[in-house]
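# A look at the structure
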Amino acid sequence: MIITVTMNPAIDKTVEIEMLKPGGLNRIRHVEWDAGGKGVNVSKTIRELGYSSTAVGFLGGNTGEMIRDALDKREIENDFVQIETETRTNTKVLEADGTVTELNEPGPVITREQTEKLFAKLESYAGKHTLFVLSGSIPGGADDNIYAKIIRLVHKKGASVLLDTDGNAFRNALEAVPDIIKPNREELEEYAGLDHPVSEREILSIVREILKKGVRMAAVSMGSDGALFVYRNYAVRCPALPVRSESTVGAGDAMAAALACAWEQGFDNDRTVRLCMAASAGAVTTAGTKPPSRELVDQLAAQVQIRSAEEAVKPL
Ligand SMILES: Nc1ncnc2c1ncn2[C@@H]1O[C@H](COP(=O)(O)OP(=O)(O)OP(=O)(O)O)[C@@H](O)[C@H]1O
Ligand SMILES: [Mg+2]
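Report follows, based on the coordinates. Worth saying up front: this structure is predicted, and the values here are computed from it rather than measured. (Residues numbered from 1 in each chain as written. Chains lettered and ligands numbered in written order. Predicted model: local features only at pLDDT ≥ 70, side-chain atom pairs only at ≥ 80, totals over all residues. Heavy atoms only, no water.)

## Description of the overall build of the chain
Within the chain, the regular secondary structure consists of 11 helices and 15 strands. Relative to the globule expectation of 20 Å for 316 residues, the C-alpha radius of gyration of the chain, 19 Å, shows essentially globular dimensions. By its C-alpha atoms, the chain is 55 × 45 × 40 Å across when sized along the principal axes. For the chain, buried positions account for 53% of its 316 residues. (Helix = DSSP H or I, 4+ residues; strand = E, 2+ residues; numbered from the N terminus. Rg over C-alpha atoms; globule rule 2.2 N^0.38 Å. Buried < 20%, exposed > 50% of the residue type's maximum accessible area, 1.4 Å probe, protein only.)

## Remarks on the layout of surface pockets
Looking at the largest pocket, its volume works out to about 1,200 Å³. Of all the elements in the fold, those that place two or more residues in the lining of the largest pocket are β2 (10-17), β3 (30-36), α1 (38-48), β7 (88-95) and β8 (100-104). Top element by residues in the lining of the largest pocket is β3. It accounts for six residues. For the lining of the largest pocket, the per-class residue count stands at 10 nonpolar, 18 polar and 14 charged. Of the volumes computed, that of the second largest pocket is approximately 640 Å³. Along its surface, the second largest pocket is lined by 31 residues, and Ser-221, Gly-223, Thr-248, Ala-251 and Gly-252 are the ones closest to its centre. (1 Å grid on protein atoms, 1.4 Å probe; cavity = no way out; pocket = protein on both sides within 12 Å on 5 of 7 lines; lining within 4 Å. Points joined across faces, edges and corners; volume = space filled by probe spheres on them. Nonpolar A, V, L, I, M, F, W, Y, C, P; charged D, E, K, R; others polar.)

## Concerning the nonpolar core
Ranked by size, the top nonpolar core spans 50 residues in total, and within it Phe-132, Leu-134, Tyr-147 and Ile-150 carry the most contacts. With seven residues, the single largest contributor to this core is helix α4 (residues 146-155). Ignoring sequence-local partners within four residues, the contact set of Phe-132 consists of Ile-3, Val-5, Leu-122, Tyr-125, Ala-126, Val-154, Ala-159, Ser-160, Val-161 and Leu-162. Residues Ile-46, Met-217, Ala-281 and Val-304 belong to the second largest nonpolar core, which totals 39 residues. (Core = buried A, V, L, I, M, F, W, Y, C linked by side-chain atoms within 4.5 Å. Contact = heavy atoms within 4.5 Å.)

## Some details on the pattern of salt bridges
Evaluated as defined, the whole model comprises 16 salt bridges. Between Glu-102 and Lys-92 there is a salt bridge whose closest N-O contact spans 3.9 Å. With Glu-102 in strand β8 and Lys-92 in strand β7, this residue pair connects regions lying 10 residues apart in the sequence. On the basis of relative accessible area, Lys-92 is assigned to the partly exposed category, the value being 27%. Salt-bridge contacts for Asp-298 lead to Arg-294; the nearest nitrogen and oxygen are separated by 3.1 Å. Of this pair, Asp-298 and Arg-294 both sit in helix α10 (residues 294-301), separated by four residues, roughly a single helical turn. Here Asp-298 falls in the partly exposed class, since its relative accessible area comes to 42%. Three or more residues joined by partner-sharing salt bridges are found here, namely Asp-34, Lys-44 and Arg-74. (Salt bridge = Lys/Arg side-chain N within 4 Å of Asp/Glu carboxyl O.)

Pasting the structure below:
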C-alpha cells in the first residue's frame, strides 16, 4: 500500500492572457485548474502508471472539496483530515509569449489538534506493507520536525518511508532515517552547506554519508543531467532521456511516484532505475504537472542507459 502525504495541497490554476498589464484590466482567455501539491502529484502519476495509492494530508473549504472531487474523478483513494481554513490556490499567469508569473498562497496554518488527527490516521495505515511518501514543504503552524515524527511513528509499525523535501524539513527528517530519499542536486548542496554546484563525485560522497545513517537508497535527480541511484553497494548514473521538453515542473514528483511503485511491486534495481528515468522524462513532455501516459513511460523505459556511477564520475 502506498500512502502519499501532502501537508499543503493546492489548486493549481493556470490562466492564459495575451500580455500581463500590471495595474490594468487583464482579460483571461482560458482557465485551467487541477488538484496539486507534491504528494497529490505523486498520487496522480501512480494512477497513470496503473498502480494505486491513497492521498492523505489536510484539506479545507471549497478548494479542499474541489481537490477531493478531482481525486475521486480519477479514482484516486483519498482520506484527508478536514480543516476549517480554505486550502490554497496557486495561480500561474501564462502570457502568449510564454512568460509565466506565479502567485502562490501560503496556505492554512495547521493546529496541533489537526496534526494529532493526521498522526492517528497515518498510524492506522502503517504496517509492514505500507510505504509513506512524504513530499513537499511543511505548512505554517506545523513544526520543522513533523516529518521526523511521522517517520518514527510509522517505523514502529514496520512501515517504510520515501522522503522528498528540502531545507530544514529534509535535514531534520534524515535524523529519523527514512528508507528512500529523492533529493535533487540543489537540495543536496543546501544540505551539505556548499555554495557551489556539486560534482557527481561530491554527490556520491554526501549520499554515502547519508546511507551510513541507515537510509537504504537515494535517487539524486539532476534535471537534464540525469540522475544518480545509490544503494549501499551499488551506484549507477543515467543520462537524461532525450525528450522534447514542455515543462520540467513535476519531473521530480514523477520520479518519486516511480520509486514508490517500484518499492510496492518489489522491482529489482535495474527495473526501478528504468521506471524512474522513464516516468520523470515522460513528465517533462507534458504541460505543467500532468502525468505522462503509461504507454509513453514503457517506450522510454526501454531507452534508459544505465552506467556505473564510479566510471561516470569525472576525476577532479
Ligand atoms: N530536460 C529534461 N530532459 C529529460 N529528462 C529530464 C529533464 N529535466 C528533468 N528530467 C528528468 O526528471 C528527473 C527529475 O528532475 P529534477 O532533478 O528537475 O527534479 P526536481 O528538481 O525534484 O523537480 P520537481 O521537484 O519540480 O518535481 C531528472 O533526474 C531526469 O530524469
Ligand atoms: Mg523535487
